[in-house]
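Overview (structure and organization)
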Amino acid sequence: MLPFQTLQGRARKAPTAEQVAATSVAVFVFDLLYLEGHSLRGASLAERRALLRQHVRPQPGRLMFAEGEEASTVSGLEAALAKTVEVGSEGLMCKVLEGDLSRYRTCPVGWAV
């Protein structure tokens, strides 16, 4: 894993082979919003993640599933954060797996959800 600051410094023009080798980038996916032309925004995160694992084939070093943990308590979140900091990551992304809060909603222009 590389810090964002390292990745931000990559050349915006076509990189040389040496630059690619020095800062190769992998994509870590955690959600699926569209599948075969259909929006999945109304599905729960748990449903979207199941579909992601069914339809996306990881390519080691290039395209991988983001690691995740489920926590339902503050102490569980604190333990996940401590583990993340220990391995040098920048933080956590917290999402709700089931229910209305796990679905994407459309909101009026100018409003953030």
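Just above, that's the structure.
Below is a short write-up of the structure.

Definitions and limits used
- Residues numbered from 1 in each chain as written.
- Predicted model: local features only at pLDDT ≥ 70, side-chain atom pairs only at ≥ 80, totals over all residues.
- Heavy atoms only, no water.
- Helix = DSSP H or I, 4+ residues; strand = E, 2+ residues; numbered from the N terminus.
- Buried < 20%, exposed > 50% of the residue type's maximum accessible area, 1.4 Å probe, protein only.
- Contact = heavy atoms within 4.5 Å.
- Areas by Shrake-Rupley, 256 points an atom, 1.4 Å probe, with all protein chains shown as cover.
- Phe/Tyr/Trp six-rings, centres within 6.5 Å; stacked < 30°, edge-to-face > 60°.
- Lys NZ or Arg CZ within 6 Å of the ring centre and 35° of its normal.
- Salt bridge = Lys/Arg side-chain N within 4 Å of Asp/Glu carboxyl O.
- 1 Å grid on protein atoms, 1.4 Å probe; cavity = no way out; pocket = protein on both sides within 12 Å on 5 of 7 lines; lining within 4 Å.
- Points joined across faces, edges and corners; volume = space filled by probe spheres on them.
- Nonpolar A, V, L, I, M, F, W, Y, C, P; charged D, E, K, R; others polar.
- Arc of directions from axis to C-beta.

Describing the overall build of the chain
Of regular secondary structure, the chain possesses four helices and four strands. The secondary structure elements of the chain, listed N-terminal to C-terminal, are α-α-β-β-β-α-β-α. Every one of the 113 residues in the chain was classed for burial, and the buried ones make up 14%. Pairs at least 24 apart in sequence give 47% of the contacts found in the chain among residues at least 6 apart. About 9,200 Å² of surface is accessible on the chain, with carbon and sulfur atoms providing 57% of the total.

Section: the packing of aromatic side chains
For the coordinates displayed, the defined rule picks out zero aromatic pairs. Above the ring of Phe65, the side-chain terminus of Arg53 is found at 4.2 Å from the ring centroid.

Focus on the pattern of salt bridges
This model, assessed by the stated rule, comprises two salt bridges. Residues Lys83 and Glu69 are paired through a salt bridge, measuring 3.0 Å at the closest nitrogen-oxygen approach. One end of the pair, Lys83, is in helix H4 (residues 74-86); the other, Glu69, is in the loop between strand S4 (63-65) and H4, and 14 residues separate them in sequence.

A look at the environment of Ala50
Within the secondary structure layout, Ala50 lies in helix H3 (residues 45-55). C-alpha separation for the pair Ala50 and Asp31, spaced 19 residues apart in sequence, amounts to 9.2 Å.

With respect to empty space enclosed by the protein
Over the atoms rolls a probe the size of a water molecule, and its path tells where empty space is left. Enumeration over the complete set of coordinates arrives at one cavity of 30 Å³ or more. Its volume calculated, the largest cavity comes out at about 30 Å³. Lining the largest cavity are Val29, Phe30, Arg49, Leu52, Arg53, Phe65 and Ala66. By residue class, the composition of the lining of the largest cavity is five nonpolar, no polar and two charged.

Examining H3
Because each turn of an α-helix spans 3.6 residues, side chains separated by three or four positions in sequence point in the same direction. Taken as a whole, H3 has its buried residues at Leu45, Arg48 and Leu52. With its buried residues spanning 60 degrees around the axis, H3 presents them on a single face. For H3, the secondary structure elements touched by its buried residues are strand S1 (27-29) and S4.

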